[in-house]
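Each chain is listed here by its residues.
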Amino acid sequence: MSGYVNINGTIVPNDEPLFPANSRTIMYGDGCFETLRSYNGKFLHFEDHFKRLRSGLSYLEMTSDLTEERLSVEIQKLLKANECENEDVVVRIQCVREGESGYLNISDQSKFIISLRSVKENKRPLELQLVDTKAIPSAALNRTVKLSNSINYIKSAQEAKRKGGDDALMLTVNERVSETTIANVFWVKGNHVFTPSVECDLLPGVTRLILMELIKNDTELSLLEGEFDLNDIYEAEAMFCTNSVMEIQPVASLEEYSFQVNNEVVEKLSTQFEAYKKKYLK
């Protein structure tokens, strides 16, 4: 990948300065973003990612003339500039607020930046660590959109790394299972598949919704979405994580608890997800 980014429709080298030192992006992380995977120039549920991006803009009271059609064109333009139309790459769309510093005199103007990175295929089962840092409550911050300031996730990831984990399992302030720093979580017991509900201060991912649909449509499986504590996970046979880049990734362990990494239900859902991709990629 040669290294170009798209700033408001203009293709520029990614080593050119993007922000002044006093930008709101640098000072506050004032913006929202979406991350999705390009499968040889095609996308899975592109419209859902765009809808969430627009929701983030609305929540932050930022205006943008970016439409779904224009965003698609601008991404394809960047894929071509980087000569990776026929590769799997990660696409990040970042919307940032323009204007000066301060909390009161806030501009509603924004601009977008599209960047690419390679997909790091890692199907090794994850080792999760429980961390003290809690998920931010929905009462404090909208958890259904991707906001640029991710310090809470960074602190959680630092904790997990110090403990030797690949990622952190985060709990709510009421000790309910929430999410990892980058993914939604599911676990399996028999033919029952469990996942935390949106009441658990998590980001409801696009891939999460696809998996929930697959489980609901499978007559041999049942989906239980709700508020769970750690004991519910410790009784599980298998656990896995989902997001739009990793797709479905088994979990080998949580703290000292181990899970089946070749679980029949997880493998079945992985197969169904591959079929779903072939049908809905566009």
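Residues numbered from 1 in each chain as written. Predicted model: local features only at pLDDT ≥ 70, side-chain atom pairs only at ≥ 80, totals over all residues. Heavy atoms only, no water.

Undergrad: So, the overall build of the protein: which residues are in play, and what are the values?
TA: Along the backbone of the protein there are seven helices and 14 strands. Taking 19 Å as the expected radius of gyration for a compact globule of 282 residues, we find that the protein reaches 19 Å, a close match to that expectation. In terms of overall dimensions, the protein has C-alpha extents of about 50 × 40 × 30 Å along its principal axes. For the protein, with 282 residues in total, the buried portion stands at 50%. Per element, the accessible surface of the protein, about 14,000 Å² overall, is 49% carbon and sulfur. Averaging the positions of the 32 positive and the 43 negative side-chain charges in the protein gives two centres separated by 3 Å. (Helix = DSSP H or I, 4+ residues; strand = E, 2+ residues; numbered from the N terminus. Rg over C-alpha atoms; globule rule 2.2 N^0.38 Å. Buried < 20%, exposed > 50% of the residue type's maximum accessible area, 1.4 Å probe, protein only. Areas by Shrake-Rupley, 256 points an atom, 1.4 Å probe, with all protein chains shown as cover. Lys, Arg positive; Asp, Glu negative; His and termini not counted. Charge placed at Lys NZ, Arg CZ, Asp CG, Glu CD.)

Undergrad: Tell me about the nonpolar core, and please be specific about residues and values.
TA: In terms of nonpolar packing, the biggest core is built from 24 residues, with Leu-71, Ile-75, Val-91, Ile-93 and Ile-114 touching the most fellow members. Looking at this core, the elements with two or more residues in it are strand E3 (31-39), helix H2 (46-59), helix H3 (68-81), strand E4 (88-97) and strand E5 (110-118). Discounting chain neighbours no more than four positions away, the residues touching Ile-75 are Phe-43, Phe-46, Val-91, Ile-93 and Ile-114. The next biggest cluster of nonpolar side chains, apart from the first, holds 20 residues, and it includes Leu-128, Val-185, Leu-230 and Leu-254. (Core = buried A, V, L, I, M, F, W, Y, C linked by side-chain atoms within 4.5 Å. Contact = heavy atoms within 4.5 Å.)

Undergrad: Go over the side chain of Asn-184, please, and point to the residues and values.
TA: Positionally, Asn-184 belongs in strand E9 (residues 184-189). Classification of Asn-184 by relative accessible area gives buried; the value is 5%. A distance of 3.0 Å separates a polar atom in the side chain of Asn-184 from the backbone nitrogen of Gly-205. Setting aside anything within four residues of it in sequence, one finds Asn-184 in contact with Glu-179, Leu-202, Leu-203, Pro-204, Gly-205, Arg-208, Phe-240, Cys-241 and Thr-242. (Polar contact = N/O pair within 3.5 Å; in protein donor to acceptor, adjacent residues only side chain to side chain.)

Undergrad: I'd like a rundown of the packing of aromatic side chains, residues and numbers included.
TA: If you walk through the whole model with that rule in mind, you get eight aromatic pairs. Arranged with centres 5.3 Å apart and planes meeting at 80 degrees, the rings of Trp-187 and Phe-228 form a pair that is edge-to-face. Placement of Trp-187 in strand E9 and of Phe-228 in the loop between strand E11 (222-226) and helix H6 (230-234) is noted, with a sequence separation of 41 residues between them. Taken as a pair, Trp-187 and Phe-228 share a single burial class, namely buried. Judged by centre distance (4.4 Å) and plane angle (35 degrees), the ring pair of Tyr-276 and Tyr-280 falls under tilted. (Phe/Tyr/Trp six-rings, centres within 6.5 Å; stacked < 30°, edge-to-face > 60°.)

Undergrad: Mind laying out helix H4 (residues 151-162), listing which residues take part and the relevant values?
TA: Under the 1.5 Å per step criterion, the end-to-end length of H4 is 17 Å for twelve residues, consistent within 8% with the ideal 16 Å. Those residues of H4 that sit buried are Asn-152, Ser-156, Glu-159 and Ala-160. In a view along the axis of H4, the buried residues occupy a sector of 95 degrees, so they form one face of it. In this structure, H4 carries Lys-161 and Arg-162 as exposed residues pointing more than 90 degrees from its buried face. (Expected span 1.5 Å × (residues − 1). Arc of directions from axis to C-beta.)

Undergrad: Account for the sheet that holds strand E2 (residues 10-13), naming residues and giving values.
TA: Here we have five strands laid out as an open sheet, ordered E2-E1-E5-E4-E3, and antiparallel in their pairing. The open sheet terminates on both sides in strands that have one partner only, identified here as E2 and E3. Mean inter-strand twist for the sheet, computed between neighbouring axes without regard to direction, equals 25 degrees. Contacts from H3 reach strand E1 (4-7), E2, E3, E4 and E5 within the one sheet, and its direction differs from that of E5 by about 40 degrees. (Pairing = 2+ DSSP bridges. Axes fitted to C-alpha atoms, helices over the stretch in contact; angles between N-to-C directions.)

Undergrad: So what about the side chain of Lys-146? Which residues, and what values?
TA: When you line up the elements, Lys-146 lands in the loop between strand E6 (126-130) and H4. The side chain of Lys-146 sits in the buried core without any salt bridge; Glu-34 is the nearest counter-charge, 4.9 Å away. Those residues in contact with Lys-146 that sit more than four places away from it in its chain are Cys-32, Phe-33, Glu-34, Thr-35, Arg-52 and Leu-203. (Salt bridge = Lys/Arg side-chain N within 4 Å of Asp/Glu carboxyl O.)

Undergrad: Outline the packing of helix H5 (residues 206-217) against helix H7 (residues 264-280), listing residues and values.
TA: Remark: H5 packs on H7, axes separated minimally by 10 Å, with the N-to-C direction vectors making an angle of 110 degrees. Here H7 runs roughly perpendicular to H5, going by the angle between their axes. Seen from H5, the contacting residues are Thr-207, Ile-210, Leu-211, Glu-213, Leu-214 and Ile-215; seen from H7, they are Leu-269, Gln-272, Phe-273 and Tyr-276. A breakdown of the residues in the contact of H5 with H7 according to their chemical character gives seven nonpolar, two polar and one charged. (Parallel < 35°, antiparallel > 145°, perpendicular 65-115°, else oblique. Nonpolar A, V, L, I, M, F, W, Y, C, P; charged D, E, K, R; others polar.)

Undergrad: Can you lay out the environment of Glu-235 for me, pointing to particular residues and giving the numbers?
TA: Checked against the element boundaries, Glu-235 lands in the loop between H6 and strand E12 (238-243). Distance from Glu-235 to Asn-174, taken between C-alpha atoms, is 20 Å for residues 61 residues apart in sequence.

Undergrad: So what's going on with H7? Residues and values would help.
TA: With 17 residues, H7 ought to run about 24 Å at 1.5 Å a step, and its terminal C-alpha atoms sit 24 Å apart, in line with that. Turning to H7, the residues buried within the fold contact E3, E9, strand E10 (192-196), H5, E12 and strand E13 (247-254). N-cap assignment for H7: the residue whose side-chain oxygen lies 2.9 Å from the backbone N of Val-265 is Asn-263.

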